[in-house]
Every structure is written in structure tokens, then in C-alpha cells.
Amino acid sequence: MPKLAAAAPHLQPQHAADLLQAALHLDSRNALALFLLGNAHAALGAHAAAAHAFRQAARLTGDAAPDSQRHQLHITATENLLLESGHALPAEWVAALHDAPRLAALERGIAAAVQCDPAGDSRVLVVGGMGLEAVMVAQAGAAAVAVYCPDNPLAASLVAELAAGSGCPHRVAAATSAAQLAQLGAQQAPAGYSALVLAGALGCSIGWQQLAGDLAAAAPLLAPGAKLLPHAVHMRGALVQCPGAVALNEVDVQAVQAGTGGLDLDATNRMLPRASRSVRLPTYPHTALTDSASLLTVPLSALLPTTTNSGADSCASSRDMLAAAVQLQVGTGGAADALCWWYEQVLADPASPTSSTAHNGAEGAGGSPLRLSADPAGCPGRDAQLRPHVWQHLQFLDHRQLAPGQAVEVLCRLAGPAASTTAAAARLQAVSLAGNNSQGSATGPLSLQFDVRLGGASSSEAKASLLLQVRHAAVAAAMPRYHTSMLNDSLRTQAYRQGIASTLQRAADRSAATAAAAGDAEAPVVLEIGSGSGLLCLLACQAGAPRVLGCERQPELLEVAGRLLEANGLAERVAILPKHSRALTVAAGAGGGRGGAADLPRRADVLLHEIFGTDPFSEGVVPTLLHAKQHQLQPGAALAPCKLHVVAAVAASASLHRLLRPPPAVCGGRVATGALRQLAPRKVDCLAGDSDLLLLTEPCRVLSVDFEDAELALAGSSTVLLECLLRPLPLAAWLAAQQAAAGQAAQQGATSRNGSVHQALQPEEGGVLEGCGLFAVAWFEYEFSGGIVGSTAPHMQRTEHWQQVVQPLEGAPADAALAGLAGGGSCDGGGGDVAGLLLTAGYRVDRLWFELEAVAAAVDGSEDDGEL
């Protein structure tokens, strides 16, 4: 085993995984082998399998002595578990566990499906999910429950643990392969399962091709007349005007041109816009131009594969589709920016003899009996912040001005890409579906498709399409989703424009001084890492750089950058290479070159970069810059930006506590969820200004990294004593004060990036921290030479590409701080007289972290640095 552990990192991932699996058959409790297996699965993109292996490794090393190698293995395995499970688990699953109305509707729908068996011997098959639905089925009275978790050992282990914790382990079993499922079906339900619960169809987004595959796998195991949950899915929608959502999809070319002194970014709107996007519409100011209507209804039984006399899958050769055409009447005039649509799941067959009984008092998220709905009208204002698991979808339109009384025809169809779009097909209400077999079909993967046209026979524009024309769909699809939003960030562009100009001037002055001493002047070599669409290269040329070399490994971004360079007449001054920065070479004899054709004529004098995520370290800025300093930059090269400052405060929040920490049990305590706590995310990236965060300390710089430091390190930390405020202060109030101090347009409350207003309400006298968790809320500042500073603070954001980091603070010091601050909601009296909080902020390679070290108490009105 030691020899295998040493060799595994050097093997191909699949070969390593196979060898490690074989070794684990001999010793299933070898933590190192499990850790290496997790790494191999992660390299293969098998996130669920990787998370399962890391989870096992973390459990086996949980009792390791501090500072031992085994303890370090435990820490790393836990971190990797959270990383991989974040890809493998449903988005916002913690918030969904706190959604009591949704869970109540789901319980009643499951009960209706289970109780439909006239023999009272329900045997139910659940496909997908984390085990919650399976436990609900068992507790509703099912005699046996099978859960199919295809290629997902993490979900299978959660199913077993939730069932055991909820008192029904012997009635619930999981399978991770088709062979295991068939064997389980033969044992549990020889006559077939009486009901099928499709967990993957119970969310706000449905992968229709995956759902069709799930149904194909389940169909042979179902009894005749088996009940399906959901019984049907409605697509509902309305036309909306929503400038904030448009800003996510289209660059404001005129604003960019004005803010950059004339740069032309018009090509971005011919290449970057997407046809659609998922959003939480209530978080954006918007106007509904029409009433909502049902666009299409899909009875899920229509997706079940059928057989002909020859035994062939009839759906595999069918090219028909399920489609409907609906006319929407414009009630409020405005620009038609998007068709907003959402799912509404019907949880019980209206014809079921038990459905009427189950309907009593069972309301879903949208207020309809036994339905789950993502209707934005049912989740207004601040409620949307508590339900981030509920979102809608936008089909972008061309912003046509519509007048009251105009008719708009919406065609919605579920089909493959080759589906017909004729008027006759558009009006089909219920026909067989293409692509239902798990192997796919001639028409390609199933997906929802839309067509939106002006209606009215008398109009000269009748039948004109309103869909936004997407000319470069492949390029747009490959773009990071935040890219357009980033280009619209005028404050970011302004900071980089000024900062790059200052840095180049500094480099020019240094070059001039060197030339005066040596009698030899050379133009500075300017390098940009991660050029993206080329904006920073354009700004460098605008600031006077005679030539700029960039690198970008994503070919679609390279294509956009090439168009922008041509449009601005700078294609001869900028070269962006299609490679990673680590692959850049320097000419031999020019400071460490490798010989042959080189990318850089010599080591660079100036480095431009913007390798920041919301967590500033998450994109690997430190290791990337460290490598560049070692291999591609002159000693003492100027970096833009040259410094990073982390700004943080300690805050309390009830809603974020709900979003980040699962409850110990749900459904009135009947379903224990303790097995899920280990998988709760360590942090959340969010628009903190839209939250209910209460500041307990003033935000201040807690950690700084000097990128030009010769000793730039891959990890670092700093401990700061933060003085507590006199009383908790809503973050919204602090943001409003910052806006007013900066001379920005002040309003009552703080204005978020999308124009919505959040009232800066003062907390009530008592109980303000009741139900709250303790958090570090953080953002960052990036500094250029000359003292030019850009910021990702909430009040500085007009777009969404940068948000803020919120991380729970837990442990004894956090508990003491909350207990001390809870008396009357006051920080300087009442329950604990807490004067300050000792916070450590640090980074490790590619992530920021916080830890509350201690609480400083006030004694006789004066501060004391002692711990509580």
C-alpha cells in the first residue's frame, strides 16, 4: 500500500482509480488510499464519487492528534469534500431544507401517491435526491423503498444515513447502477413498484434529457398504472421589462465608451449575449407586461417509453413533440426584455381517489393545492433572500416596445433540436415525445424551446419574432456567466484605467532613470495574464504602452478579444497568445529563457492581472503571480494591481444562518438531517447589501498582501482586534452612510446594484440577535501604484460579477460572543459587556478563511484584552 500511495499521483487518473479501488478491497479503512481515490475521481470530473471518498477519509482521520500528518490529511480531505460535494449536491439545498411550506406540500403529495395502492402494500421507487424524499415515502407507509442514485455513491450513503437517523433503515435501500437497481427491484417488488418519485423533477430547474433517462431506467420496474410524482409539470410565464437582467446579458456599449475615453466594445453584443439565463426575478426591479399564463403542460407519463409489437422503443424513432401556443395580452406597456417562465409541479393526479383528501390544507409554494411553484409573485421582496433555491428562467427578447392591448404569441415545446417549427406543430397540444430513450434519438437531447412572436393579423409587424438574435451561440455559451456583467462594471474599469496608467508611468520613469545611468533605453515589456476579452490590454495601449503581450487559454474569449482589438485599431500592438501563463517562454539569454522560439523577448517590466473571484484568492492569484515572478518578470517588476487588502467585519444574521446550516430535523422532527451537516458549505458568496446582516464591528482592513513583495508566500494570516459597535447596525444603514460620504446619490436606505432600495431600519431594543449565527462578512480592495484603489464593497457594486464573502464563525469563542452580545441586542451592556472580537483572517493558496480567536471584555467601562 505505501508503494501504491507514492505512485498514485503519477498515474493517469483512471488507472490510479482502478488500482486504488483494488487496494481498498483489501483494506477498506485506509484513509490515504481513500484520499488519493478522491483525487483521482476529482481529476476525472466524477464529483460525487470524489466527495464520497473524501468523506470516508475525513471520517477515518477525525480523531487524529493535532499537528500530526494524519490531522493534516483530515483537514485537506474535509476541504476537498466541501469542494466536490458543492458540485455534486443540488444548489441551495440547505435553504430548501428550511422551506417548511415546500416540505409540507411534498409530504402530502408523497402521501397521496403512497396511499393510492388499493392493497395497502405500496412499494415505491425514488430516482435521485439526497434521501429526503425516500424517508418521506417510508414514513408515509410504504412497505419498501428503492432509491436509484446512478453513479452517485455520495447520495447512496446519505440515503442510508438519513433513513437510519429517521427510524426506517430496513425499508429503504439504494442502488448506484442499473444492475443493482434490477436486483433490488426483484427483491423488493417482484410485481413492480406501485409509485415512482422523480426527485430530479421537483426543483426549479429540470434536466429533461436526464429525466427521460431516469424514466427509461425506471419503466421496466413499474407495475401497471403506477403513480408518478410529480404527476405533471406546468411551464408558466409572462413578458417582463427588467433592465437589471438585461445588464447581465448585454454590454452597455455607450457607457463603456464614455468611461474609457472612446473604446469600442460594440462587438461584444454581437458575440456574448445568451438566449436564456436562470435568475431570481424578485431580486430585480421589473414590470410584468402581461398576466402570467400556462405555456405548456407535460404529463410525465407521456415521457415513459412505450413498446410496439416488435418490442422496439416507439419513442426512439418518433420525431413528434409536445407543444402549445398561447397568446399573451399586453396589459402594461414597456420594453419586452424577456419572457420570464417557471416550473409548477403538480404533486398528485387530480383523478386519484385519494387526491381530494390529500388536497385539504396542502398548499405549495405558489398557494395552489399540492403544487410546487416558482411563481415570482409568490416570493416577493425580502422573502426571495430566504428562498434562494427558488428561481425563474429568462428567455431574452429584443426589447421591442409593446403597447397595452397588443397580443404576443408564445410557442413552448419540449423536443430535440431538429423539431419542426411549423404553425401546425406549434398548435399540437398532446402528442408523443422524441428522445425519450436513455440512449438519445435522432432528434437529439430533449430540451424546452421557445418562440415568441407578435400576434394580431392587422398589424404590419404581425408574426415578427421578438427573440433576441444570438449570432455566436457557441462563443456565448463558453463565456463565464459573469463576463458581460464584469464589462458593465464602470467602477472596476475606471480603477483599472487609472491604475494601469499610473503603473506604466512608474515603469517609464524607472526605465528613463536606468537609461540615464546606462545610456541604453528600452521600452517596457508589458505582460497581461488572463486577458479574457482584452479590455486591460486595450487600456494599456490607451495609456501609452507601445506593445502588450497577453495570454488566454479559452479560445472563445480569444475570439472576442481579437474582434475588439480590430475594432479599436490595436491589433498590431497587442498579441494575445492561446496558452496558460505557466507555458509562456522567455527568449534565451534574456533572464532564464529556455531557448527556441520565445513568447517574451525578455522578462517583463510590467504585469497586468485581474485574477480575482468574489473570494479574491479563489482563482489562484497568488500562485499565478508567484510563478510569473519566478519565471517571466524582471526583479522589481511593477504589478497592476500591486496590493490586495481584505476588508472584513463580524456580523450576525438569522437568514444567512438558515442558508448555511441545515436544521437538525425537518417535517416536524420526523426526518433527521444530521448526516447532512458535514456537507454544509463553509461560506457563501452573496450580495451582502441585500441581506439582513447586522454589523457588530466596523468593517476594516484585516489582511493585506503585497504582490510585489520578494517574499510573496502561498499562505498567510493576520490577527486583528475589532472593536464592537455600541449596538448592532444593519449593514444596509452602514452602506447608506458610505454612499452619502462618497457623495453618491443617497436614498433612505442603501441602494443595491440593481436599483432596489433596502430600508436601513434600526434594530428593536430586545431580541435582535435571537436565532442569529455569527459571521465574518468580507470584500476586498485592489491597489495600484499611486494609491489608486478599487473596491468590491457592496455600495461600490453596480453589477454582479463580484459579490461578498460570508463565512460562519463557529466554536467556543463564537458561542461566547453571541451569548455576550445577546442581552438586549446591545454590544456595550446588558448580557455581556463585550468590547472587542479577536479575528484572524488568512489565505491558503486559493481560498480566504476566518476564525474567531477570542472575545475581549470590558471591565468597569474600560477595555480588557482578556478572553471570556
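All figures in this text were calculated on a predicted structure; none of them were measured in a lab.

Peer 1: I tried to follow the overall build of the chain on my own but got confused; where do I start?
Peer 2: Assigned secondary structure in the chain consists of 27 helices and 35 strands. Within the chain, the proportion of its 868 residues that are buried is 54%. In the chain, once contacts between residues fewer than 6 apart in sequence are set aside, the share between residues at least 24 apart is 78%. In the structure as shown, the chain presents an accessible area of about 34700 Å², 52% of it carried by carbon and sulfur atoms.

Peer 1: Just to check I follow, could you spell out the nonpolar core for this structure?
Peer 2: One recurring pattern in soluble globular proteins is that nonpolar side chains are buried together. Among the nonpolar cores identified, the biggest contains 100 residues, and Phe-617 and Phe-850 are the most heavily contacted of them. Here this core gets seven residues from one element, more than from any other, and that element is helix H22 (residues 535–542). Core analysis: the second largest hydrophobic core is formed by 69 residues, Val-137, Ala-155, Leu-229 and Ala-348 among them.

Peer 1: Teacher, can you tell me more about unusual backbone geometry here?
Peer 2: A negative phi angle is the norm for most residues apart from glycine, just as the trans form is the norm for most peptide bonds. The peptide bond linking Leu-229 to Pro-230 adopts the cis configuration, its omega dihedral lying at 0°. If you trace the backbone, Pro-230 turns up in the loop between strand S5 (222–229) and strand S6 (232–241). Going from Ala-640 to Pro-641, the amide bond is cis rather than trans, its omega being 0°. Take Pro-641: it is sitting in the loop between strand S20 (633–640) and strand S21 (643–653). The backbone of Asp-67 sits at a positive phi, close to 70°, despite the residue not being glycine. Note that Asp-67 resides in the loop between helix H4 (47–60) and helix H5 (69–88). We note that Glu-92 has phi near 55°; this positive angle belongs to a residue other than glycine. Mapped onto the secondary structure, Glu-92 falls in the loop between H5 and helix H6 (93–97).

Peer 1: Is there a simple way to think about the sheet that holds strand S3 (residues 172–175) in this case?
Peer 2: Hydrogen bonding along the main chain pairs the strands of a sheet, whether they run parallel or antiparallel. Taken in spatial order, the five strands of this open sheet run S3-S2-S1-S4-S5, and their pairing is parallel. Two strands close off the open sheet at either side, each with one partner strand: S3 and S5. This sheet shows a mean twist of 25° between the axes of neighbouring strands, independent of strand direction. Here five bridges tie strand S1 (residues 123–127) to strand S2 (residues 144–148), and the two strands are oriented parallel to one another. Residue pairing in the sheet places Leu-125 in a bridge with Ala-146 of S2.

Peer 1: Explain H4 to me, please; I cannot follow it from the model alone.
Peer 2: In an α-helix there are 3.6 residues to a turn, and that puts residues three or four apart on one side. Taking 1.5 Å of rise per residue, 14 residues should cover 20 Å, and H4 covers 20 Å from first to last C-alpha, within 8% of that figure. Burial analysis of H4 places eleven of its 14 residues in the buried class, which makes it a mostly covered element. Along H4, the residues classified as buried are Ala-48, Ala-49, Ala-50, Ala-51, His-52, Ala-53, Phe-54, Arg-55, Ala-57, Ala-58 and Leu-60. Buried-residue contacts for H4 involve helix H3 (31–43), H5 and helix H9 (153–165).

Peer 1: Looking at this structure, I do not really get the sheet that holds strand S17 (residues 548–551). What am I missing?
Peer 2: One open sheet holds the five strands; their spatial order is S18-S17-S16-S19-S20, and the pairing between them is parallel. The open sheet has two edge strands with one neighbour each: strand S18 (574–577) and S20. Sheet twist, expressed as the mean angle between neighbouring strand axes with direction ignored, is 25°. With four bridges joining them, S17 and S18 adopt parallel strand pairing. Its bridge partner lying in S18, Val-548 is registered against Val-574.

Peer 1: Would you explain the packing of H4 against H9 in this entry?
Peer 2: With their axes 7 Å apart at the nearest point, H4 and H9 run at an angle of 55° to one another. Considered as vectors, H4 and H9 are oriented oblique to each other. Facing Ala-48, Ala-49, Ala-51, His-52, Arg-55 and Arg-59 of H4, the residues of H9 in contact are Pro-153, Leu-154, Ser-157, Leu-158 and Glu-161. Taken together, the residues of the contact of H4 with H9 break down into six nonpolar, two polar and three charged.

Peer 1: I keep staring at the state of the cysteines and nothing clicks. Help me out?
Peer 2: Linking two cysteines covalently via their sulfur atoms produces the bond known as a disulfide. All chains considered together, the criterion is met by zero disulfides. Here Cys-551 is not disulfide-linked; the sulfur of Cys-537 is the nearest cysteine sulfur, at 9.1 Å.

Peer 1: Would you mind going over the pairing of strand S13 (residues 392–402) with me for this structure?
Peer 2: Each regular strand shows side chains that alternate between the opposite faces of the sheet. By the bridge criterion, four bridges tie strand S7 (residues 276–279) to S13 in an arrangement that is antiparallel. Residue pairing in the sheet places Val-279 in a bridge with Gln-392 of S13. Direction of pairing for strand S11 (residues 334–346) relative to S13: antiparallel, over a ladder of seven bridges. What sits directly across from Cys-340, in S13, is Leu-394.

Peer 1: Explain the pattern of salt bridges here, please?
Peer 2: Opposite charge on two side chains lets them pair, provided their charged atoms get close. Evaluation of the coordinates by the stated rule reveals 20 salt bridges. Residues Lys-683 and Asp-685 are paired through a salt bridge, measuring 3.1 Å at the closest nitrogen-oxygen approach. Classification of Asp-685 by relative accessible area gives partly exposed; the value is 36%. Ionic contacts of the salt-bridge type, sharing partners, join the residues Arg-55, Arg-59 and Glu-161 into one network.

Peer 1: Is there a simple way to explain the packing of H3 against H5 in this structure?
Peer 2: Describing two packed helices takes the angle between their axes plus the distance from one axis to the other. The geometry of H3 relative to H5 is characterised by a closest axis approach of 11 Å and an angle of 30° between their N-to-C directions. Judged on the interaxial angle alone, H5 and H3 are roughly parallel. For H3 against H5, the interelement crossing comes out left-handed. Residues Ala-31, Leu-32, Phe-35, Asn-39 and Ala-42 of H3 form the contact with H5, whose own contacting residues are Arg-70, Leu-73, Thr-76, Ala-77, Asn-80 and Glu-84. The residue makeup of the contact of H3 with H5, split by class, is six nonpolar, three polar and two charged.

Peer 1: What's the story with H3 in this structure? I'm lost.
Peer 2: The end-to-end C-alpha distance of H3, which contains 13 residues, comes to 19 Å, matching closely the 18 Å that a straight helix rising 1.5 Å per residue would cover. Among all positions of H3, only Ala-31, Ala-33, Leu-34, Phe-35, Leu-36, Leu-37, Gly-38, Ala-40 and His-41 are buried. The N-cap residue of H3 is Asn-30: its side-chain oxygen and the backbone nitrogen of Leu-32 are 3.2 Å apart. Phi for Gly-45, located one or two positions after H3, is positive at around 80°.

Peer 1: Could you clarify how one ought to interpret the confidence of the model for the chain in this entry?
Peer 2: Regions with low pLDDT carry predicted coordinates that are not meant to be interpreted in detail. Predicted confidence across the chain gives a mean pLDDT of 85, with 83% of residues reaching 70 or more. Every residue in residues 354–368 scores below 50 in pLDDT, and together they form 30 contacts with partners more than four places removed in sequence or on other chains. Overall, residues 861–868 carries pLDDT values under 50, and its contacts beyond four positions in sequence, including any with other chains, amount to 20 contacts.

Peer 1: Is there a simple way to explain the environment of Ser-276 in this structure?
Peer 2: With respect to the helices and strands, Ser-276 occurs in strand S7. Among the residues examined, Ser-276 registers a relative accessible area of 35% and is labelled partly exposed. It is 9.7 Å that separates the C-alpha atoms of Ser-276 and Cys-340, two residues lying 64 residues apart in sequence. Those residues in contact with Ser-276 that sit more than four places away from it in its chain are Leu-394, Gln-395, Phe-396 and Arg-481.

Peer 1: Is there a simple way to explain the side chain of Ser-533 in this structure?
Peer 2: Tracing the backbone shows Ser-533 in the loop between strand S16 (526–529) and H22. Here His-483 takes part through its side chain, which lies 3.0 Å from a polar atom of the side chain of Ser-533. Among all residues touching Ser-533, those that are not within four sequence positions of it are His-483, Leu-487, Leu-557, Val-560, Ala-561 and Leu-564.

Peer 1: Explain the pairing of S16 to me, please; I cannot follow it from the model alone.
Peer 2: The alternating pattern of S16 places Val-526 and Glu-528 and Leu-527 and Ile-529 on opposite faces, both of which are buried. In terms of strand pairing, S16 meets S17 through four bridges, oriented parallel. Bridge assignment links Glu-528 to a residue of S17, and that residue is Gly-550. Note that the unit made of S16, H22 and S17 has a crossover that is right-handed. Sheet topology places S16 next to strand S19 (residues 604–609); four bridges connect them, and they run parallel. Across the sheet, the residue bridging to Leu-527 is Leu-607, located in S19.

Peer 1: Can you help me understand the side chain of Thr-624 in this one?
Peer 2: With respect to the secondary-structure elements, Thr-624 resides in helix H24 (residues 621–631). A relative accessible area of 11% means that Thr-624 is categorised as buried.

Quick notes on the rules
Residues numbered from 1 in each chain as written. Predicted model: local features only at pLDDT ≥ 70, side-chain atom pairs only at ≥ 80, totals over all residues. Heavy atoms only, no water. Helix = DSSP H or I, 4+ residues; strand = E, 2+ residues; numbered from the N terminus. Buried < 20%, exposed > 50% of the residue type's maximum accessible area, 1.4 Å probe, protein only. Contact = heavy atoms within 4.5 Å. Areas by Shrake-Rupley, 256 points an atom, 1.4 Å probe, with all protein chains shown as cover. Core = buried A, V, L, I, M, F, W, Y, C linked by side-chain atoms within 4.5 Å. Pairing = 2+ DSSP bridges. Axes fitted to C-alpha atoms, helices over the stretch in contact; angles between N-to-C directions. Expected span 1.5 Å × (residues − 1). Parallel < 35°, antiparallel > 145°, perpendicular 65-115°, else oblique. Nonpolar A, V, L, I, M, F, W, Y, C, P; charged D, E, K, R; others polar. Disulfide = S-S within 2.5 Å. Salt bridge = Lys/Arg side-chain N within 4 Å of Asp/Glu carboxyl O. Left-handed = near helix turned anticlockwise from the far one by under 90°. Polar contact = N/O pair within 3.5 Å; in protein donor to acceptor, adjacent residues only side chain to side chain. pLDDT = per-residue confidence, 0-100. Right-handed = clockwise from strand over helix to strand, strands pointing away.

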